[in-house]
Amino acid sequence: AMIGRAGAMAAAAAMVAVGGGDFSDLREIKKQLLSVAERSRERGLQHSGKWAAELAFALEPLPLSELPPPPVLTEEDARDLDAYTLAKSYFDLKEYDRAAYFLRGCKSQKAYFLYMYSRYLSGEKKKDDETVDSLGPLEKGQVKNEALRELRVELSKKHKAQELDGFGLYLYGVVLRKLDLVKEAIDVFVEAAHVLPLHWGAWLELCNLITDKEMLKFLSLPDTWMKEFFLAHIYTELQLIEEALQKYQSLIDAGFSKSTYIISQIAVAYHNIRDIDKALSIFNELRKQDPYRIENMDTFSNLLYVRSMKPELSYLAHNLCEIDKYRVETCCVIGNYYSLRSQHEKAALYFQRALKLNPRYLGAWTLMGHEYMEMKNTSAAIQAYRHAIEVNKRDYRAWYGLGQTYEILKMPFYCLYYYRRAHQLRPNDSRMLVALGECYEKLNQLVEAKKCYWRAYAVGDVEKMALVKLAKLHEQLNESEQAAQCYIKYIQDIYSCGEVVEHLEVSTAFRYLAQYYFKCKLWDEASACAQKCCAFNDTREEGKALLRQILQLRNQGETSSTDVAAPFFLPASLSANNTPTRRVSPLNLSSVTP
Amino acid sequence: MASVHESLYFNPMLTNGVVHANVFGVRDWVTPHKMALLVLLSELGRAGAQLGLLERRRLNRLLLPLLQGPDMALSRLRKAIEECCPHLAGSVHIRLKLMAEGELKDMEQFFDDLSDSFSGTEPEVHKTSVVGLFLRHMILAYNKLSFSQVYKLYTALQQYFQKDEKKNGADENEMELTNPEELDGKMEKEELDGPLREEEIACSGPLSQKQAEYFLSQQASLLKNDETKALAPASLQKELNNLLKFNPDFAEAHYLSYLNSLRVQDVFSSTHSLLHYFDRLILTGAESKSNGDEGYGRSLRYAALNLAALHCRFGHYQQAELALQEAIRIAQESNDHVCLQHCLSWLYILEQKIFDSCVLLEHSVNKSLHFGLPYLASLGIQSLVQQRAFAGKAANKLMDALKDSDLLHWKHSLSELIDISIAQKTAIWRLYGRSTMALQQAQTLLSMNSLEAVNVGVQQNNTESFAVVLCHLAELHAEQGYFAAASEILKHLKERFPPNSQHAQLWMLFDQKIQFERAMNDGRYHVADSLVAGITALNSIEGVYRKAIVLKAQNQMSEAHKLLQKLLIHCQKIKNTEMVISVLLSIAELYWRSSCHTIALPVLLQALALAREYSLQYLASETVLNLAFSQLILGIPEQALNILHMAIEPVLAHGAVLDKGCAMFLVAKCQVASAASYTPQKKTEALESAILNLNEAKTYFAKVDCKEQLRDVLYFQARLFHTLGKTQERNKCAMLFRQLHQELPAHGVPLINAFK
């Protein structure tokens, strides 16, 4: 065993040669990736192998002379070779118990890992099978992987004796996590990352266990180039999108521009900050490079859905259905497709199917909730959202959905709680803030409502409605100056984006401004606004009437109003500083926020 | 003090004062523990005639908790049986052993035989009895099992049995075990068992639906009636989390978790649990077809109402009002009058925080009666009585109203409300200054057998009513100088209502008030001052008042006056008449201490008028004492003696010992003062009767340990003896006076000028 340990250490040491975000030697990196892909595959760790291989594929091919040499076999490996070969074939056929039986007593690292891993997977498989016919409803949660505790005891003994290599540590960590021993699991995964930084699985497990930025700060991670990938990934998970995008950009600059993994991650990141156009174009690019890819296509379909791109979504759905119709992502895409076609029953059916395929597939619960909402089946919607929250407490869409449900049920106070939860999870998402503001408005808590709308605008309003709502509030409260200011900002915002057509409220804004300037006797501005009013159907008549009035009054008081010469749209009092700062003070709602 | 706590107004598990557990269908399954019970039952049937009467009775008593309770380890079960009947325990063990160490067919045979107990002309078990139902449930559940499940059950049984065997073995081994290697092996085993054992202590395995329901309803009723007997908040939460892990759809557990969070004043998790509960409830409401759409809408209304209750509980009145508005709106839209009534009651409670709203309340009572909600109606009446009492309405009418609502309570067996009613009577009698009546009512409640005690076996003694009554009792005892008894009662309160529980604030306040009074009597003003902060934290008005009293005692007159004036204005605004009169009395005292008796008189008259109007008899007599004193100082002792006759009777009948002493002292002073104009012989008589009165005052003062007053009395007595020429008595009094005088610091006010 000592030799095995030493060997593993030496191999690991060789592999960490390139470290610390240093991407200068891409060939070395490629070599490492190829070798770790091979080693992962030998141990039946398909996903880590796939990840490494995908990344390796993005780099330049190596000449024959530089290909990594086949792993050196030790005496022990040789002794276990027959058993290993037999067991690996059983393992590949998913006959885990059989594989474990032939591997018992093997001492080499590789065979030992496969032995333990087979036992683990066998337990998992049996657990899944048993969930179907457990004795009673309350026992369902009780079905557990019976093998876990034994595995934990054995692995912890080996761990204490320092006989586990990187893969072994990874498995130990997985066992601990399954036993809900999160703290211990994190420690072990960090150790695994130190011993074998190239193994992506360990990093990925860490990503799932770390819930906030603070936790991340206190981890001591190995200083290798893999850390960069990890950081980028976890930033995406923790919704720190800007940081994530920065990391990914630097990875692309370092030479991973062809990696489909990175491209897909960037697309997901853009999706998360609702930069839909960018995300769409990246996804399209991704599909060109990797046309048979199914991963992340559910996100892509969400984007297509949001943009109501029916033909594209339909094409995607049919395409994926052809590739593999029994994948969670496929079901999700088809569900979205039906939802876009307003066939909500069918859509819900497909989301249900997705959940049958993978009960922990969180997105489907939320989407199903949305479908039930469309079908006006509020109780089912609440159920679906609650399930989503059960799977992941941080699912802001589910909280938001619950809020919407109760809002539909006309319970504005009740839904405040849910919107607040959603807001807490996504403090910089304007949609929650606007929703909160609307609820406060319904409750006649106008001060709070104003705060929410202003904040929504300050964090970058997606739907561009916050300012109009704020303006209307000011109007209600007879704060005409503030109202005008808001309308001005709104118009500036809309024009700077260049999409006027969709916004009906522009005419309202112009109408109000025209009236406002008229009252302030700023004739030039008033007539400019009134002219703008004439461009819209609903305000044309009013605009014309106002223009006539202005003309009349002007003729009467030509002499008196020469001294006013404020620039268009920005009366002197307002022009001082009206760009909101990105860093606004915390939203200090007077109400208690449980 | 007479207060009806708001939490009583609504509780979804509780309609008309009765806790209902959710009624589910049959959701039970066979576990090894249940099989052991089945074996026990069949052995019981077999042993039938041989068992003694006593053993049989013990076993019968054992059975019900076993059938309802959570699964337990075999060893514990065996011990429980052994305590009742050792012989039976042995045979149960042997049969289990045979089954566990035999084959699968043994178990199958066992279940086949089970159904025989129903057959025959004279079946051993009646089909609809508790045991019969259990047997039939089990047989049904067993027959529903699939092939693999049957096998799984059998292996579970084997493990269940082996674990017990191993444990026995381990116990025996422990004695001999010295070998280090074996120790190592044992360590490993322990490591393996480690996490499980922890779970075992809390809860052995998952509860079946029935067991879970039993657990929840039991804990809920304990929380309601006797919090101290329920599981500690932390461990209860752990149990609930466990339960929810196994079945997240178990909505009631969320509600209990809400109640549990309330116990520890945790806003966040209680809100979370409450909303979660209603989210889940909406589901079950939607599923059950009998309720249909109606059931679903109903839970929405109550969800909003509960949220209001929660906010109110935490003092977020604005939030509570918003939530309540929502509940009212939804209830109105769906024409749910019952819910609307609940809302109305809550509205009253919320409005009460802002202004008096008798109209609302009267309306609520009328409507509640109309819709047949006696619980709500009675609560309304009680609130109304409370408010009227404060507003100075005629006492006889109030008592009549309480009597009428009592009739209602007894008719509907609302024991909780009966308790409240008695507590309220205690408080009202106290308010009127009739301490004997209050004492009697308090004792009535304490020695009454609760109705629920008959039903559930849980003495309902953790409610606010008991806290109120006990607090009053403590104060009454302290007033009479029985400090040991008072502190005994407070100790009991502390045990019954631990410091973090809901009603703990009550006794905390009373405890400090009593301590404060004692410190004032002893003249330890710095101690009293240090208590003021604590009192203020619990009741700001009371705190300010006490602060002023301390200042007054420390001769900081202008500060005290300023404080009292402010307090007076505030109390007049919130219509706290009781406090207004007390404040007026204090102000008057400040005046006469500054020798402005003429200014004090109108203040006292105002106080007297108020006290008479609100029939606060005790405060009235105290005012009269003050008045008499002022008259004495103003030189009309005859007049003073005249009005003293009015006050002396109630004071002696109901007053605190200290007040009795003061009153007697004052009488003596007046007698002496008025004797100045008498003929010598009459004068001697008057002085002698004054000495007697002084003696009485002395005993009273001695009871509450008021040394300062004692000293004054002694001085006065010595002077009187001197006048009468009784040297020996005079010297005795003078000596006692000197002793006390050396102990106490001299205070600036001339002796004759002090009344209190």
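Conventions used here
Residues numbered from 1 in each chain as written. Chains lettered and ligands numbered in written order. Predicted model: local features only at pLDDT ≥ 70, side-chain atom pairs only at ≥ 80, totals over all residues. Heavy atoms only, no water. Phe/Tyr/Trp six-rings, centres within 6.5 Å; stacked < 30°, edge-to-face > 60°. Buried < 20%, exposed > 50% of the residue type's maximum accessible area, 1.4 Å probe, protein only. Lys NZ or Arg CZ within 6 Å of the ring centre and 35° of its normal. Core = buried A, V, L, I, M, F, W, Y, C linked by side-chain atoms within 4.5 Å. Helix = DSSP H or I, 4+ residues; strand = E, 2+ residues; numbered from the N terminus. Domains from an automatic or database assignment. Axes fitted to C-alpha atoms, helices over the stretch in contact; angles between N-to-C directions. Parallel < 35°, antiparallel > 145°, perpendicular 65-115°, else oblique. Left-handed = near helix turned anticlockwise from the far one by under 90°. Contact = heavy atoms within 4.5 Å. Nonpolar A, V, L, I, M, F, W, Y, C, P; charged D, E, K, R; others polar. Patch = residues over 30% accessible without salt bridge, like charges linked within 9 Å, V, L, I, M, F, W, Y side chains within 5 Å. Areas by Shrake-Rupley, 256 points an atom, 1.4 Å probe, with all protein chains shown as cover. Salt bridge = Lys/Arg side-chain N within 4 Å of Asp/Glu carboxyl O. Polar contact = N/O pair within 3.5 Å; in protein donor to acceptor, adjacent residues only side chain to side chain. Lys, Arg positive; Asp, Glu negative; His and termini not counted. Charge placed at Lys NZ, Arg CZ, Asp CG, Glu CD. Disulfide = S-S within 2.5 Å. UniProt positions renumbered as here; feature names shortened; annotations may be inferred. pLDDT = per-residue confidence, 0-100.

Residue and element names in this part refer to chain A. Tallied over the entire structure, the rule returns 39 aromatic pairs over all chains. Between Tyr337 and Tyr338, the aromatic rings sit 5.5 Å apart at their centres with planes inclined by 55 degrees, giving tilted as the arrangement. On the accessibility criterion, Tyr338 (17% relative accessible area) is buried. In textbook terms, an aromatic cluster arises when at least three aromatic residues are bridged by ring pairs, as seen for Trp51, Trp200, Trp225, Phe229, Phe256 and Tyr261. The ring of Tyr84 has Lys110 sitting right over it, with the charged end atom 4.8 Å from the ring centre. Over the ring of Tyr112 we find Lys158, and its NZ or CZ is 4.2 Å from the ring centre.

Among the nonpolar cores identified, the biggest contains 247 residues, and Phe229(A), Phe230(A) and Tyr406(A) are the most heavily contacted of them. When residues in this core are grouped by element, the largest group, ten residues, is from helix α13 (residues 292–313) of chain B. Viewed by domain, this core spans two of them, domain 1 (393–501) and domain 2 (514–557) of chain A, each represented by three or more residues.

We now examine the packing of helix α23 (residues 412–425) of chain A against helix α24 (residues 430–442) of chain A. Residue and element names in this part refer to chain A. Contact geometry for α23 and α24: axes closest at 9 Å, N-to-C directions at 160 degrees. Classified by the interaxial angle, the pair formed by α23 and α24 is roughly antiparallel. Of the two elements, α23 crosses α24, and the hand of that crossing is left-handed. Within the contact between the two elements, α23 uses Pro412, Cys415, Leu416, Tyr419, Arg420, Ala422 and His423 and α24 uses Met432, Leu433, Ala435, Leu436, Cys439, Tyr440 and Lys442. Considering only residue class, the contact of α23 with α24 consists of eleven nonpolar, one polar and two charged.

On the surface, Leu86(A), Tyr101(A) and Phe102(A) cluster together into a nonpolar patch covering about 270 Å² of accessible area. With respect to the secondary-structure elements, Tyr101(A) resides in helix α5 (residues 96–103).

In this section: the domain arrangement of chain A. Domain annotation of chain A identifies domain 1 (393–501) and domain 2 (514–557). A separation of 30 Å is found between the C-alpha centroids of domain 1 of chain A and domain 2 of chain A.

Let us now look at unusual backbone geometry. All names here are of chain A. Within the chain, Gln239 stands out as a residue other than glycine whose phi angle is a positive 65 degrees. Tracing the sequence through the fold places Gln239 in the loop between α12 (225–237) and α13 (241–256). In this model, Asn444 sits at a positive phi of 65 degrees, which is unusual for a non-glycine residue. As for its position among the elements, Asn444 is in the loop between α24 and α25 (446–458). With a relative accessible area of 58%, Asn444 lands in the exposed category.

Residues and elements named next belong to chain B. As for its placement among the helices and strands, Ser435 is situated in helix α20 (residues 435–447). One polar contact links the side chain of Ser435 to the main-chain carbonyl oxygen of His654, over a distance of 2.8 Å. Not counting residues up to four positions away in its chain, the partners in contact with Ser435 are Leu476 and His654.

Residue and element names in this part refer to chain B. Together, Glu108, Asp112, Asp113 and Asp116 make up a region of like negative charge exposed at the surface. Inspection of the secondary structure puts Asp112 in helix α5 (residues 104–114). Residue classification places Asp112 among the partly exposed positions, given a relative accessible area of 49%.

So, about the pattern of salt bridges. Residues and elements named next belong to chain A. Summed over all chains, the structure comprises 48 salt bridges over all chains. For Glu163, the salt bridge goes to Lys158, with nearest N and O atoms at 3.6 Å. Here Glu228 and Lys247 are joined by a salt bridge, their closest N and O atoms 3.2 Å apart. With a gap of 19 residues between them, Glu228 in helix α12 and Lys247 in helix α13 connect regions that are remote in the sequence.

Before going further, it helps to spend a moment on the state of the cysteines. All names here are of chain B. This model, assessed by the stated rule, comprises zero disulfides over all chains. Here Cys84 is not disulfide-linked; the sulfur of Cys85 is the nearest cysteine sulfur, at 7.9 Å. Unpaired in this structure, Cys339 has its nearest cysteine sulfur neighbour in Cys343, at a distance of 4.2 Å. For Cys339, a relative accessible area of 0% corresponds to the buried category.

The feature "repeat: TPR" (unreviewed entry), as given by UniProt, occupies residues 328–361 and 362–395 of chain A in the numbering adopted here. In this annotation, residues 328–361 of chain A is assigned 79% helix and 0% strand; the end-to-end C-alpha distance for the span is 8 Å.

All names here are of chain A. On average, chain A scores 82 in pLDDT, and the residues at 70 or more come to 86%. Per-residue pLDDT stays below 50 along residues 1–19; that stretch engages in 29 contacts with residues further than four places along the chain or on separate chains. Here residues 135–141 is a poorly scored stretch, pLDDT under 50, and it has 23 contacts once near neighbours within four places are set aside; other chains count.

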